[in-house]
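Commentary on secondary and tertiary structure
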Amino acid sequence: MQASAEIFFEHERWGRNLAWSAGLHVAVVGAIILYAAFASGGRGQGWGSGGGGEAMGVTLVTTVPLPAPQTQTQNVLANESKGVSQSKPKPEVTEPEAIPIPEKNAKKKPKHETSASKRKPEPEPVEEANNVVPFGQGGPVSGPYGTFSAGGAKGGFGFTGGGGDFGTRFGWYVDTVRRKVSDNWLKYEIDPRIGEARRVYLVFDITRDGHPSHIEVEQSSGVPSLDQSAVRALQRIDTFGPLPSDYSGNKVSVEFWFDYKR
Amino acid sequence: MKRFFYGLFPLLLLTSAFGQDWIRTGTGLGVEKVRIAVPDFKAASQDPKNTELLKAFNDTLWNDLDNAGIFDLVSKSFYPLGPVGAPTDVKFDTWSSPPPNAAMLAFGNLGVSGNSMSVQGWLYDVKNVTSPQVLGKQYSDAATTEAARITAHKFADEIIFRLGGGIPGIAESKIYFVSTRTGHKEIWAMDYDGANQHALTHLGSISLSPRVSPDGSRVAFSSLTKSGWEILMYSLELDRLVTFPRFGGTNLSPAWSPDGTRIAFSSSRSGDPEIYVVDASGTNPKRITSFKGPDVSPTWNRKTGAQISWVSGRTGLPQIDIMEADGTNAQQVTDQGYAVSPSWSPNGQFLVFSWIRHYGPGAPGAQDIYLMDIASKQWVQLTHDGGRNDFPYWSPDNRHIIFQSSRSGGMQIWTMLADGTNQKALTTSGSNTQPNWSWK
């Protein structure tokens, strides 16, 4: 009996220890929570106070202005067909018809120049769909022209220089220029509110060592940020590579246009 | 309706969690490349050595053009029959029309007579029948496999220079790195394609972060010496260490300015690791940072030499910062996770660095290579394939990035195009880390 009384007595003492233990645990947990709530804030201030710089916001992007993905576009005019629309002139026009060469001034719509005096009254032309190529404006592209497109935006250019045959003789160089300009055109520089803009024309020279110089906006798009992005694409380029050694001129002039559509 | 939303919510969380790290679109994938056909060069002599040299030449030329990142090489199975060894052998329409549909054709011949080898190579614009020749070159060298490889590198670089918009090719460039193959961490060198790997230093200590000078004459690195971590200088011309001042404290991660006149490094001589700039001879040290917390791993703006990017611990975990080369105008460009090892691109536009974006307990903690456009602070992730990826470094042509990765088990050196594609291991044996690409 004595033994069981001992056990009961010890059990009671152990119970008090359990209460102490539970109380201490609660206190430790409470201390940790308090430390996390207050102490970390204080430490953050102390660590950050040494910095004099300023943090910049960083955003996740799906595109970075590396060489932009691009595909060769099919120029609507670059086919063998002369055009299928009803705007074909009557054979009565005796004057030889000049097919305008879409060179430097391709931005102006070439017009048929037939003398009005010899023209006979014609039947009213049939209303054309917008994408029909008028007669005479089809056929292979004449001249050193090319286009590119990159993510909805497009560009193109013409070369002049030497005997005017630079583009036909050194097509590989023209391709290099096209690739390099389109790679360096960063479309995020354009005002994001702009959905579509008129074509901007740049002119520049390529010197013998391949450096672009005299970069000028020949015709503005009316959107300053688009004009600026086009100029900066050129300014970003140090060299296109030296002009071909077979080429005798000191420079070539390039007209480069940028079409922008978001 | 409410129940529907409760059902949808975890789904949204899941998609956003998985959708964020995997961005493979639009990072310059599918850049329009020049379609080039490279038929094997023709043997110009019957010398028994010819076959072996020809194979070395053809393999090297193909690999160089394939690695360049600007070509789409036409598969050899599409080529018309018959060797092309000289301009008279070229039938333009068979190359320019499908199936090869090539824009360019690189061809030529290789002949051996006695101990000398001569190579003739041409590059033709096959769509331009009237004046097709873009390039015509003739080389002569000793009749060895190594010389055949070098000649192929030279011809490849000529082609890349012409068609890549005046940027010199990298086929003759070198890579310096740290390898444990001799039992100690020593400085090693190799060709850009992983060939010809050899040790430079035999110090029997620990040597880290080699950085070759812009003129390619010297390699600066940090090494554990009797007086602690110091910057050492190895002359590639003399093939031995040359004297460089000791600064005391722990001196790490040297970086050459692009004009080769100055070296930036981190030194703890004043207590905290800070960035110092010294002349190339080690004289005239100037301290340019004074922030609380460590400042390490400087890298110069390689185009202008006017700015330095480095790793700063002043806000806690290491982050990438940029400042002027005199220490003014410090600006943090990353603001989360754990970002280290910046490298500035040769055109000055991009930083590439190693980043653990979600750092800390319970975070995924993947360490990957990221590229940031400095002007816009936009960034894109370049590696996704697991392992720890660190120490990225730009190639001189601005088109490639070299880095170390543990994805294949041990630490090895990998290369990729700057858009993250075409990743390949260059080393396989031992542990190889901290790669550095020569400036040309």
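The shown structure was predicted, so the numbers you read here are calculated from the model rather than taken from an experiment.

Looking now at the overall build of chain B. Each helix and strand in chain B was counted, giving 4 helices and 30 strands. Looking at chain B as a whole, 49% of its 440 residues qualify as buried. Once local pairs closer than 6 in sequence are excluded, the contacts in chain B between residues at least 24 apart make up 44%.

Moving on to the overall build of chain A. In terms of helices and strands, chain A carries 4 helices and 6 strands. For chain A, the α and β elements follow one another from N to C terminus as α-β-β-β-α-α-β-β-α-β. By residue count, 23% of the 262 residues in chain A fall in the buried class. Intrachain contacts of chain A at a sequence separation of at least 6 include 78% that bridge at least 24 residues.

Glancing now at the sheet that holds strand E12 (residues 228–235) of chain B. Residues and elements named next belong to chain B. Spatially, the 4 strands line up as an open sheet ordered E10-E11-E12-E13, and their pairing is antiparallel. Lying at the two open borders of the sheet, with one neighbouring strand each, are strand E10 (207–212) and strand E13 (240–242). This sheet shows a mean twist of 35° between the axes of neighbouring strands, independent of strand direction. As paired strands, E10 and strand E11 (residues 218–225) are joined by 4 bridges and run antiparallel to one another. Paired with Arg211 across the two strands is Ala220, which belongs to E11.

So, on to the domain arrangement of chain B. Per the domain assignment, the segments of chain B are domain 1 (34–163) and domain 2 (174–437). Here the C-alpha centroids of domain 1 of chain B and domain 2 of chain B sit 37 Å apart.

This paragraph deals with the environment of B:Ala195. The residue B:Ala195 is located in the loop between strand E8 (186–191) and strand E9 (198–199) in this model. C-beta crowding within 10 Å serves as the criterion here: with 13 such atoms nearby, B:Ala195 is assigned to the partly exposed category.

Our focus in this paragraph is helix H3 (residues 171–184) of chain A. All names here are of chain A. The terminal C-alpha atoms of H3 lie 20 Å apart, and with 14 residues this matches the ideal 20 Å at 1.5 Å per residue to within 8%. Within H3, 12 of the 14 residues are buried, which leaves it mostly tucked inside the rest of the structure. All buried positions along H3 are accounted for by Trp172, Tyr173, Val174, Asp175, Thr176, Val177, Arg178, Arg179, Lys180, Val181, Ser182 and Asp183.

As a further point, take the sheet that holds strand E15 (residues 262–267) of chain B. With respect to topology, 4 strands assemble into an open sheet ordered E14-E15-E16-E17 (chain B), the strand pairing being antiparallel. Each having just a single partner strand, strand E14 (251–256) and strand E17 (286–287) of chain B make up the two edges of the open sheet.

Before going further, it helps to spend a moment on the packing of helix H2 (residues 49–67) of chain B against helix H4 (residues 145–163) of chain B. Residues and elements named next belong to chain B. Axis separation between H2 and H4 bottoms out at 8 Å; the angle between their running directions is 35°. Judged by the sense of rotation from one axis to the other, the crossing of H2 with H4 is right-handed. Across the interface between the two elements, Glu52, Leu53, Ala56, Phe57, Thr60, Leu61, Asp64 and Leu65 of H2 pack against Thr145, Ala148, Arg149, Thr151, Ala152, His153, Phe155, Ala156 and Ile159 of H4. Broken down by class, the residue content of the contact of H2 with H4 amounts to 10 nonpolar, 4 polar and 3 charged.

Moving on, we get to the pairing of strand E22 (residues 338–344) of chain B. Residues and elements named next belong to chain B. Where burial is concerned, most of E22 is hidden: 6 out of the 7 residues are buried. Bridging between E22 and strand E23 (residues 350–356) involves 5 bridges; their strand directions are antiparallel. Paired with Val340 across the strands is Ser354, a residue of E23. Where E22 folds back on E23, the antiparallel hairpin that results is connected by 5 residues, among which Gly348 adopts a positive phi of roughly 80°.

Another aspect to go through is the confidence of the model for chain A. All names here are of chain A. Summarising the model, chain A shows a mean pLDDT of 64, and 46% of its residues fall at 70 or more. For chain A, strand E1 (residues 59–60) is the element with the lowest average pLDDT, namely 42, and strand E5 (residues 212–219) is the one with the highest, namely 87. This model gives residues 41–82 a pLDDT under 50, and the stretch forms 89 contacts once residues within four places in sequence are excluded.

A few words on unusual backbone geometry. Residues apart from glycine generally show negative phi values, whereas peptide bonds are mostly found in trans. Here the residue pair B:Pro98 and B:Pro99 is connected by a cis peptide bond, since its omega of 10° sits within 30 degrees of zero. Considering the arrangement of structural elements, one finds B:Pro99 in the loop between helix H3 (92–96) and strand E4 (104–113). The residue A:His214 is not glycine, and still its phi comes out positive at about 50°. Inspection of the secondary structure puts A:His214 in strand E5.

Residues and elements named next belong to chain B. Formed by 138 residues in total, the largest nonpolar core has its most connected members in Ile36, Met104 and Tyr370. Of the residues forming this core, the biggest block, 7 residues, is contributed by H4. Shared between two domains, this core holds at least three residues of each, these being domain 1 (34–163) and domain 2 (174–437). Not counting residues within four places of it along the chain, the set of residues in contact with Ile36 comprises Leu65, Phe71, Leu73, Val74, Ala102, Ala103, Met104 and Ala106.

Low pLDDT marks regions whose predicted coordinates should not be analysed in detail. Residues and elements named next belong to chain B. In the predicted model, chain B carries a mean pLDDT of 88, and the fraction of residues at 70 or more is 93%. When the criterion is pLDDT under 50, residues 1–31 qualifies, and its contacts beyond four places in sequence or with other chains add up to 26 contacts. In the model output, the complex is listed with pTM 0.72 alongside ipTM 0.76.

Moving on: the environment of B:Val333. Within the secondary structure layout, B:Val333 lies in the loop between strand E21 (331–332) and E22. It is 44 Å that separates the C-alpha atoms of B:Val333 and B:Leu135, two residues lying 198 residues apart in sequence.

A few words on H2(B). Residue and element names in this part refer to chain B. Across its 19 residues, H2 extends 27 Å between first and last C-alpha, which sits within 8% of the 27 Å expected from 1.5 Å per residue. All of the buried residues in H2 are Leu53, Leu54, Phe57, Thr60, Leu61, Asp64, Leu65 and Asn67. Following H2 by one or two positions, Gly69 has its phi on the positive side, about 85°.

Moving on, we get to the environment of A:Pro224. Residues and elements named next belong to chain A. Looking at where Pro224 falls in the secondary structure, it is placed in helix H4 (residues 224–235). The exposed category is assigned to Pro224, around which 12 C-beta atoms lie within 10 Å. Each C-alpha atom of the pair Pro224 and Asp191 lies 8.7 Å from the other, and the pair is 33 residues apart in sequence.

Here is what the cut-offs are and how they apply
- Within each chain, residues carry numbers counting from 1 in the order of the written sequence.
- Here every chain gets a letter starting at A, and every ligand a number starting at 1, in the order they are written.
- This being a predicted model, a pLDDT of at least 70 is required before a residue's local features are given, and a value of 80 or more before pairs of side-chain atoms are given or counted; all residues contribute to the totals for chains, interfaces and linings.
- Helix numbers and strand numbers start at the N terminus; a helix is a DSSP run of H or I with at least 4 residues, a strand a run of E with at least 2.
- With C-beta atoms placed from the backbone, a residue is buried if 20 or more other C-beta atoms are within 10 Å of its own, exposed if 12 or fewer are, and partly exposed between those counts.
- We call two residues in contact when their backbone-placed C-beta atoms lie within 7 Å.
- Strands are treated as partners if at least two bridges between them are detected by DSSP.
- For helices, the fitted line uses only the C-alpha atoms of the stretch in contact; every axis is such a line through C-alpha atoms, and the angle between N-to-C directions lies from 0 to 180 degrees.
- Domain delimitation in this document rests on an assignment produced automatically or drawn from a domain database.
- Expected helix span is computed as 1.5 Å times (number of residues minus one).
- Two helices cross in a left-handed way if the nearer one is turned anticlockwise from the farther one by less than a right angle. They cross in a right-handed way if the turn is clockwise.
- Just so you know the grouping, Ala, Val, Leu, Ile, Met, Phe, Trp, Tyr, Cys and Pro go in nonpolar, Asp, Glu, Lys and Arg go in charged, and all remaining residues, Gly too, go in polar.
- The predictor's confidence in any single residue is recorded as pLDDT, a number from 0 to 100.
- Here a nonpolar core is just a set of buried residues of the types Ala, Val, Leu, Ile, Met, Phe, Trp, Tyr and Cys, joined wherever their C-beta atoms sit within 7 Å.

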